[in-house]
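# Close look at the chain arrangement
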Amino acid sequence: MGWLDAFRRRETGGPKEVRARLEGAMSQRRLRGWLPPLENINSLVASGGPRLLARSRELVVTNGYAANACEAFASNLVGDGIKPSSLIEDPALRDRVQRLWLAWTDEADADGLTDFYGLQAMVAREMFVAGECFVRLRPRRAEDGLRVPIQLQLLQSEMLPFEKIEIAANGNRIRCGIEFDAIGRRVAYHFRRRHPGDSTDQGMVTSETVRVPADEVLHIYRPIDAGQIRGLPHVAPAMVRLFLLDQYDDAELDRKKTAAMFAGFITKTAPEEQLMGEIEATDDSGATVSLEPGTLQVLLPGEDVKFSSPADVGGGYEAFQYRTLLSVSASLGLPYHLVTGDVRQANYSSLRAELVEFRRRVEQLQHGVIAHQLCRPVWARWLETAVLAGALDLPDFARSPARYRPVNWIPPRWDWVDPLKDIQAQVLAMEAGIISRRKVVEATGYDVEEIDRENASDAKRAGEMGLHYRTSPGETQGARATPQTLPETGASGTGSADTTGTDTQQGA
C-alpha cells in the first residue's frame, strides 16, 4: 500500500502551512501582482492628501451625483441643527440659559453669514468633501456688542499644510501641521495665514504659518483607523467611479449629438458635377447640402443618397448606469435614491429598510463626531464665557462648573414614509412604559419642556377665549380616542350602532 501514500493529505502544523491556508495571503497566479505596501494611514494622508482634496472639491462642484450626495449627506447629518437641551435642575435657571443660547446662535458666525446651526451644515459639507473641518474659537471684546463675546470661525482643510512635518523649537513633533507633545497630546495647530488657492488674497505669503493653541481649535473629522490624525474625504471611495462615469456620459452625449447632425450622405460617381440643393463649402474641400421640409429632389445621374442610421445606445446602457450608481451609493454609504433621485424601483418596504440602516450610520456620526467634537466643546466654552462676561449668573460656577455643563443634544427629527404608523407605535410604547415621553418628543427634534410650555400656553389662551377643539393639549389623541359607538338619537329611537374609524354624531 506504499504507493497510496502519495495521494494522502500530509499533516500540517508549521507556520508556513498555516499561512498558506489564508487565501488573501497567498502568492499564487491570481494574487502575484497584488503587493500593497504596509503603510500607516497617516503616511498615505500626508503623501496623497493634497491631490485627493483637490480632486474631491472639483468633483463635488462639477459632478451632479457628487453634489447631490453632498447635500443629502449634510441635510441628513445635521438637518436644521443639532440643538441643546440643558439638564440644569432649576427650571428658571435652565430657561434663562436656553434663551441666552438661542439669542447667541444668531451671532455665532464670525463671518456673519449664518447662525450656529448653519455652521453645523457647513461643517457637515466639509466632512463630505475634505473629510475634516477646523473651527477656531474667537474671543471678542465687550465693545463688539455681542450677547456672549465669543464667535466661531470655520477653516478649511487646506489651511493646515499636510507637508509641515518637522521638530519644533520646543522639541515637540509637528505632524501634518499638528503639534504634539512628548506624550502625544495636541498642543497647537500651525495654520496658513491665507488659503493657498485663493488668488484674490495677495497680501500675505502662502507658506507663512501661525501657531494657534489647541484649546482654541476644534478639529472635526471621523477617524477610520486608530491613531489617524487627519481626515479623509467621505467621497474618496467613490471618486474614481464618479469621475469615469461622468466622462462616459459626456462621451455618449457627444456621440449622439454628432450622429444627429448628419441626416444623410450623398455619393456620386463624378465629383465635379453639381450636388442637389444648396451647397455650402467646407474647409476640407467638402460640401454640405441643406434641405427644406417637404422637398422632393430629383437626383442627377450617378448620384445616390444614403441616410444616416447611427448606432443606438442599446438596452445595456440603463443597466450599466444603474449598477455603477449602485456601487457609487454603496461607496458613499448613502441610499441609492438619495444620490440619484431615482425611486422608480423602490417601494415602501425597500425604502424603509435602507433608511433604517442609513440612519443608524448617521446617528453614529451625529453623536460620535458632531455632538462630541463640535457641540459639546462649544457649549462648555460658551457657558464659561457667558459667566465671565456677566451675561449669566450661575451660583458657585467657579467652584463647580461641571454641574451646569450637562446637556442633551437633540438631533433633527426623521421623517418616515408612513408617519401615522410610527406615531401610533410611539404612543403604544409610551403607554406600555417602554419609552418615556421625553425620548419620544426629542425624537421629533424638539425639547419636551418647550413643548409642555407651549401646550400650557395654548390651553390657557383657549380657555380664556372660550375656544373648544376636537382635541386639547393633555387629552387622549389619535386613533385610540375615536368613539367605538354612536350615541342614541332621540328622533329615530334606535340604539347605538357599533362603528369604527368615525366620530360623526347623528342629531335628532
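Residues numbered from 1 in each chain as written. Predicted model: local features only at pLDDT ≥ 70, side-chain atom pairs only at ≥ 80, totals over all residues. Heavy atoms only, no water.

## Concerning the overall build of the protein
The secondary structure content of the protein amounts to 12 helices and 14 strands. The buried share among the 508 residues of the protein stands at 33%. Sequence-distant contacts in the protein: of pairs separated by 6 or more residues, those separated by 24 or more amount to 63%. For the protein, the computed accessible surface area is about 32,000 Å², with 53% contributed by carbon and sulfur atoms. (Helix = DSSP H or I, 4+ residues; strand = E, 2+ residues; numbered from the N terminus. Buried < 20%, exposed > 50% of the residue type's maximum accessible area, 1.4 Å probe, protein only. Contact = heavy atoms within 4.5 Å. Areas by Shrake-Rupley, 256 points an atom, 1.4 Å probe, with all protein chains shown as cover.)

## With respect to the sheet that holds strand S2 (residues 132-139)
The strand order S3-S2-S9 describes an open sheet built from 3 strands, whose pairing is antiparallel. Every other strand in the sheet has two partners, leaving strand S3 (150-155) and strand S9 (217-221) as the edge strands with one partner each. Ignoring which end each strand starts from, the neighbouring axes of this sheet average 25° apart. Judged from the 6 bridges that link them, S2 and S3 form a sheet pairing that is antiparallel. (Pairing = 2+ DSSP bridges. Axes fitted to C-alpha atoms, helices over the stretch in contact; angles between N-to-C directions.)

## Focus: the pairing of S2
Where S2 meets S9, 5 bridges bridge the pair, whose relative direction is antiparallel. Across the sheet, residue Val135 finds its bridge partner in S9, namely Leu218.

## Some words on the sheet that holds strand S5 (residues 173-175)
If you trace the 5 strands from one edge of the open sheet to the other, you get S4-S5-S6-S7-S8, paired in antiparallel fashion. A strand with exactly one partner marks an edge of an open sheet, and here the two such strands are strand S4 (166-167) and strand S8 (209-213). With 3 bridges joining them, S5 and strand S6 (residues 178-180) adopt antiparallel strand pairing. Within S6, the residue paired with Arg173 across the bridge is Phe180.

## Thoughts on empty space enclosed by the protein
In total, this model carries 1 cavity of 30 Å³ or more according to the counting rule given. Surrounding the largest cavity, Val45, Gly49, Leu52, Leu53, Ala130, Glu132, Ser157, Phe162, Gly231, Leu232 and Pro233 form its lining. Class assignment for the residues of the lining of the largest cavity results in 7 nonpolar, 3 polar and 1 charged. (1 Å grid on protein atoms, 1.4 Å probe; cavity = no way out; pocket = protein on both sides within 12 Å on 5 of 7 lines; lining within 4 Å. Points joined across faces, edges and corners; volume = space filled by probe spheres on them. Nonpolar A, V, L, I, M, F, W, Y, C, P; charged D, E, K, R; others polar.)

## Here's the deal with the packing of helix H2 (residues 41-62) against helix H6 (residues 239-261)
One way to put it is that H2 packs onto H6 with a least axis distance of 11 Å and a crossing angle of 45°. Here H6 runs oblique to H2, going by the angle between their axes. Along this stretch, H2 crosses H6, giving a crossing that reads as left-handed. Facing H2, whose interface residues are Leu52, Arg55, Ser56, Leu59 and Thr62, H6 presents Met239, Leu242, Phe243 and Asp246. (Parallel < 35°, antiparallel > 145°, perpendicular 65-115°, else oblique. Left-handed = near helix turned anticlockwise from the far one by under 90°.)

## Details of the side chain of Gln228
Topologically, Gln228 is positioned in the loop between S9 and H6. One polar contact links the side chain of Gln228 to the main-chain amide nitrogen of Ile224, over a distance of 2.9 Å. A distance of 3.3 Å separates a polar side-chain atom of Gln228 from the backbone nitrogen of Asp225. Beyond its immediate sequence surroundings of up to four residues, Gln228 is in contact with Ile41, Asn42, Arg186, Tyr221, Arg222 and Pro223. (Polar contact = N/O pair within 3.5 Å; in protein donor to acceptor, adjacent residues only side chain to side chain.)

## Brief notes about the packing of aromatic side chains
Each pair of aromatic rings is reported with the distance of its centres and the angle of its planes. Under the defined criterion, the tally for this structure stands at 18 aromatic pairs. On the numbers, 5.2 Å between centres and 90° between planes, the contact of Trp101 with Trp382 is edge-to-face. In this pair, Trp101 is assigned in helix H4 (residues 91-105) and Trp382 in helix H9 (residues 348-388), connecting sequence segments 281 residues apart. As far as burial versus exposure is concerned, Trp101 and Trp382 are alike and both buried. (Phe/Tyr/Trp six-rings, centres within 6.5 Å; stacked < 30°, edge-to-face > 60°.)

## Let's talk about the confidence of the model for the protein
For the protein, per-residue confidence averages 82 on the pLDDT scale, and 78% of positions sit at 70 or higher. Segment residues 477-484 is flagged for pLDDT under 50; beyond a separation of four residues in sequence, or across chains, it makes 16 contacts in the model. For the stretch residues 489-508, pLDDT sits under 50, and the model shows 26 contacts to residues farther than four places along the chain or on other chains. (pLDDT = per-residue confidence, 0-100.)

## Focus: the environment of Val235
Here Val235 is to be found in the loop between S9 and H6. Along the backbone, Val235 and Val328 are 93 residues apart, and their C-alpha atoms lie at a distance of 9.3 Å. Residues in contact with Val235, not counting those within four places in the same chain, are Ser56, Leu59, Phe128, Val129, Leu242 and Leu332.

## Focus: the packing of H6 against helix H7 (residues 316-332)
It is at 10 Å that the axes of H6 and H7 come closest, and there the two elements cross at 160°. Classified by the angle between their axes, H6 and H7 sit roughly antiparallel to one another. Seen along the crossing, H6 lies across H7 with a hand that is left-handed. Contact residues: H6 offers Arg241, Leu242, Leu245, Tyr248, Asp249 and Glu252, while H7 offers Tyr317, Phe320, Gln321, Thr324, Leu325, Ser327 and Val328. Among the residues forming the contact of H6 with H7, the class breakdown is 7 nonpolar, 3 polar and 3 charged.

## Observations concerning the environment of Arg186
Following the sequence through the fold, Arg186 ends up in strand S7 (residues 186-192). On the basis of relative accessible area, Arg186 is assigned to the partly exposed category, the value being 27%. Sequence-wise, Arg186 and Asp215 are 29 residues apart; in three dimensions their C-alpha atoms are separated by 8.9 Å. With residues up to four places along the chain from it excluded, the contact list for Arg186 reads Ile178, Glu179, Phe180, Ala214, His219, Tyr221, Gln228 and Ile229. Polar contacts involving the side chain of Arg186 include one to the side chain of Tyr221, which spans 3.1 Å.

## Describing unusual backbone geometry
The backbone phi angle of Cys176 is positive, close to 55°, even though this residue is not glycine. Within the secondary structure layout, Cys176 lies in the loop between S5 and S6. Looking at Cys176, the relative accessible area reads 3%, which means it is buried. Even without being a glycine, Asp396 presents a positive backbone phi close to 60°. Inspection of the secondary structure puts Asp396 in the loop between H9 and strand S14 (407-410). Accessibility expressed as a relative area gives 38% for Asp396, which makes it partly exposed.

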